[in-house]
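Breakdown of the fold
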Amino acid sequence: MVENKPGAGSSLAGEFSARAPRDGYTLFLGSSANIANQVIAANPSFDMAKDFAPIALATTAPVILVVHPSTSVASVGELIALAKAKPGEILYASTGVGTAPHLAAELFNTRAGVKMVHVPYQGSPQAVIDLIAGRTAVMFSPASAVISQIEAGKLKALASAADTRPSIAPNLPTMAEAGMPDFDTSIWFGLMAPAGTPAEIVDKLARAVPEAVKSSEAQTALKSQGFDTLSGGPDAFARFIIAETAKWSEAAKAAGLKK
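One structure accompanies this document, and this report is about it. (Residues numbered from 1 in each chain as written. Predicted model: local features only at pLDDT ≥ 70, side-chain atom pairs only at ≥ 80, totals over all residues. Heavy atoms only, no water.)

1. Details of the sheet that holds strand 7 (residues 156–160)
Note the threshold: Two strands qualify as a pair provided that DSSP identifies no fewer than 2 bridges between them. Secondary structure elements follow DSSP: runs of H or I of four or more residues count as helices, runs of E of two or more count as strands, with numbering from the N terminus. Between N-to-C directions, angles span 0 to 180 degrees; the directions come from axes that are lines fitted to C-alpha atoms, helices contributing only their stretch in contact. Two residues qualify as a contact provided that any one of their heavy atoms is within 4.5 Å of a heavy atom in the partner residue.
Read from one edge of the open sheet, 5 strands run 5-4-6-3-7, paired in mixed fashion. Both edges of this open sheet fall to strand 5 (117–120) and strand 7, since each of them pairs with a single strand only. Sheet twist, expressed as the average angle between the axes of neighbouring strands with direction ignored, equals 30 degrees. Examined bridge by bridge, strand 3 (residues 63–67) and strand 6 (residues 138–142) share 5 bridges and lie antiparallel to one another. Paired with Val 67 across the strands is Val 138, a residue of strand 6. Across the face of the sheet, helix 4 (residues 100–112) comes into contact with strand 4 (91–94), strand 5 and strand 6 while running at roughly 145 degrees to strand 4.

2. A word on the pairing of strand 4
Across a regular strand the side chains alternate sides, sitting on one face of the sheet and then on the other. How we decide: Note on handedness: a crossover is taken as right-handed if, strands pointing away from the viewer, the path from the first strand over the helix to the second is clockwise.
By the bridge criterion, 4 bridges tie strand 4 to strand 5 in an arrangement that is parallel. Note on strand 5: the bridge partner recorded for Ser 94 is Pro 120. In this view, the connection linking strand 4 to its parallel neighbour strand 5 by way of helix 4 has right-handed handedness. Bridging between strand 4 and strand 6 involves 2 bridges; their strand directions are parallel. Directly across from Tyr 92, in strand 6, lies its bridge partner Val 138.

3. Notes on the side chain of Ser 32
We apply this condition: When accessible area is computed with a 1.4 Å probe and restricted to protein chains, residues below 20% of their type maximum are described as buried, those above 50% as exposed, and intermediate ones as partly exposed.
Mapping Ser 32 onto the fold places it in helix 2 (residues 32–40). A relative accessible area of 2% means that Ser 32 is categorised as buried. Ignoring sequence-local partners within four residues, the contact set of Ser 32 consists of Ser 186, Ile 187, Trp 188, Glu 244 and Trp 248.

4. Here we look at the side chain of Thr 95
Applied cut-off: Pairs of N or O atoms within 3.5 Å make up the polar contacts considered here, provided that, within protein, one atom can donate a hydrogen while the other can accept it, and that residues adjacent in sequence are counted only when both atoms are side-chain atoms.
With respect to the helices and strands, Thr 95 occurs in the loop between strand 4 and helix 4. According to the relative accessible area criterion, Thr 95 is buried, its value standing at 17%. Reaching out from Thr 95, the side chain makes a polar contact with the side chain of Thr 99 at a distance of 3.1 Å. The contacts of Thr 95, once residues within four sequence positions are left out, are Pro 101, Tyr 121, Gln 122, Gly 123, Ser 124 and Met 139.

5. Description of the pattern of salt bridges
Definition in use: Counted as salt bridges are all cases of a side-chain nitrogen of Lys or Arg within 4 Å of a carboxyl oxygen of Asp or Glu.
Per the stated rule, a full pass over the model turns up 6 salt bridges. Asp 228 is the salt-bridge partner of Lys 223, the closest N and O atoms lying 3.0 Å from each other. The class for Asp 228 is buried, based on a relative accessible area of 14%.

Laid out in structure tokens, this is it:
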């Protein structure tokens, strides 16, 4: 049974789940948004690494680096060259301060040694509308929000910010293939239990997750929304959380958001 607890970028749901009984009956679908919130908040209400027992990674939604066609760049390298030639002049859109698209662009600024200027919006629809209109030039966007605009020629895709090419855009190179290694800013989701949940319960659930997400019904639903499946049990997921926290801490510090 799914219980939605919206608010504070899913932090309310995370706090509720972290304090739930350790019996395996209350679980949390954590995501990259929770890591972003944690590294930005002055006093986060929970710690992803300490307050949860990772069960299994489940799905990922690819993020695509797109530009307005007027930029006349055709690759990540050309975008970097343009940004270096015009420091502080190129505007990039995001879905809000501290969101994954915002932090992805700041990570790009840091890794590429450039300074693009942030223009935050209240969600993908508004950000994409202004990007198409040419009011901004660049965006790291969830693929589902821009794929139709890419196909229509209204936006130009440069790369997928993922380790592997997403099924929704198999011909698009990854950031690593485009010359920027170790740059995966995909939006991921994984199942977690409150810390202290018995290992036998965690292990049983960890075996069930991949069976569920790889079922034909789940695959049909996921693919239609641009999601791909992820693999990784408790130990791999725990290491993944540590790596994600370090990466997004770097991006938050670059953006001046780290408290």
